[in-house]
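# Structure assessment
The primary structure of each chain is shown beneath.
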Amino acid sequence: MAFSKWFWDEFPKIMTWLLIPWLIIFFSMALFNPEWMHATLFGSGTVWAFLVMGVCAIGILGNIIPGIPTNAMPLTLGWLAAADSKNLQFYIIVALGSCLMGSIIGYGLGLERGMVNSLNLQESERYGKAYKRVEMHGSKAIFETRFGKSVAILGHANIAAGDQRLPLTSFLFPAALGHLIWLATYGVPAYIVGWLAH
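Let me sum up the structure you'll find in this document. (Residues numbered from 1 in each chain as written. Predicted model: local features only at pLDDT ≥ 70, side-chain atom pairs only at ≥ 80, totals over all residues. Heavy atoms only, no water.)

## Let's talk about the side chain of Ser103
With respect to the secondary-structure elements, Ser103 resides in helix α5 (residues 88–111). A distance of 2.9 Å separates a polar atom in the side chain of Ser103 from a polar atom in the side chain of His179. If we skip the residues at most four places from it in the chain, Ser103 touches Asn63, Asn158, Phe171 and His179. (Helix = DSSP H or I, 4+ residues; strand = E, 2+ residues; numbered from the N terminus. Polar contact = N/O pair within 3.5 Å; in protein donor to acceptor, adjacent residues only side chain to side chain. Contact = heavy atoms within 4.5 Å.)

## Considering the packing of helix α4 (residues 72–83) against helix α10 (residues 168–197)
It is at 7 Å that the axes of α4 and α10 come closest, and there the two elements cross at 40°. Relative to α10, α4 is oriented oblique. Here α4 runs over α10; the crossing is right-handed. Mapping the contact onto sequence places Met73, Pro74, Leu75, Gly78, Trp79, Ala81 and Ala82 in α4 and Trp182, Leu183, Tyr186, Gly187, Ala190, Tyr191, Gly194 and Trp195 in α10. (Axes fitted to C-alpha atoms, helices over the stretch in contact; angles between N-to-C directions. Parallel < 35°, antiparallel > 145°, perpendicular 65-115°, else oblique. Left-handed = near helix turned anticlockwise from the far one by under 90°.)

## What to know about the state of the cysteines
Covalent bonding between the sulfur atoms of two cysteines defines a disulfide. In this structure the tally under the stated criterion is 0 disulfides. Cys99 takes part in no disulfide bond, and the closest cysteine sulfur to it belongs to Cys56, at a distance of 9.0 Å. (Disulfide = S-S within 2.5 Å.)

## Quick notes on the packing of aromatic side chains
Using the criterion set out here, one finds 3 aromatic pairs in the structure. With centroids separated by 5.3 Å and ring planes inclined at 75°, the aromatic side chains of Phe90 and Tyr91 adopt a geometry described as edge-to-face. In this structure Phe90 comes out as partly exposed when scored by relative accessible area, which is 33%. (Phe/Tyr/Trp six-rings, centres within 6.5 Å; stacked < 30°, edge-to-face > 60°. Buried < 20%, exposed > 50% of the residue type's maximum accessible area, 1.4 Å probe, protein only.)

## So, the pattern of salt bridges
Between side chains of opposite charge, pairing is possible as soon as their charged atoms come close. Per the stated rule, a full pass over the model turns up 2 salt bridges. In this structure, Arg133 engages Glu144 in a salt bridge whose closest nitrogen and oxygen atoms are separated by 2.9 Å. Separated by 11 residues along the polypeptide, Arg133 in helix α7 (residues 125–137) and Glu144 in helix α8 (residues 139–144) bring together distant segments of the chain. With relative accessibility at 28%, the residue Arg133 sits in the partly exposed group. Between Lys140 and Glu144 there is a salt bridge; the shortest N-O distance is 3.8 Å. Separated by 4 residues within a single helix, Lys140 and Glu144 lie in helix α8, roughly one turn from each other. Its relative accessible area of 22% is what places Glu144 among the partly exposed residues. (Salt bridge = Lys/Arg side-chain N within 4 Å of Asp/Glu carboxyl O.)

Laid out in structure tokens, this is it:
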């Protein structure tokens, strides 16, 4: 019980402190030494693959576990897309696909009521807020959790939608629309900065 409460409430904070130095280092190198960064990433397919898989994992986990700083994903993918503009469609599909995959996994976890109970989500303050929000606003709550203060309950809102048996179509459309707008908000500026740096 105690570990479960710690995991849902404290794990995102740990992820935040792990990702902040990563973002500072990555974007400092990207801006001040773009040639070296480009050679390092694209000269070795392994480094590029690990980076893409890592940001996809952030996109997926951020839609299940609330509080993980998922903004790292569109920022990184936007910059990569600028450096590798021939494959722009790939980065768009990867970004949207990983976010939707995380949302669907969260929704699926919510459908399994036993899973919600075994994860002790009822003990989490964030889950309580997300549950009430989805209960009151339905699809609108799913869309809104991508923006502003609502981001703090994003992952739990997906689980709460499944727990409350929100119809899949009523869940997927606002989730996809919210993800698209959010990805564009962070990804397009990162793409422009990356394009100017190259």
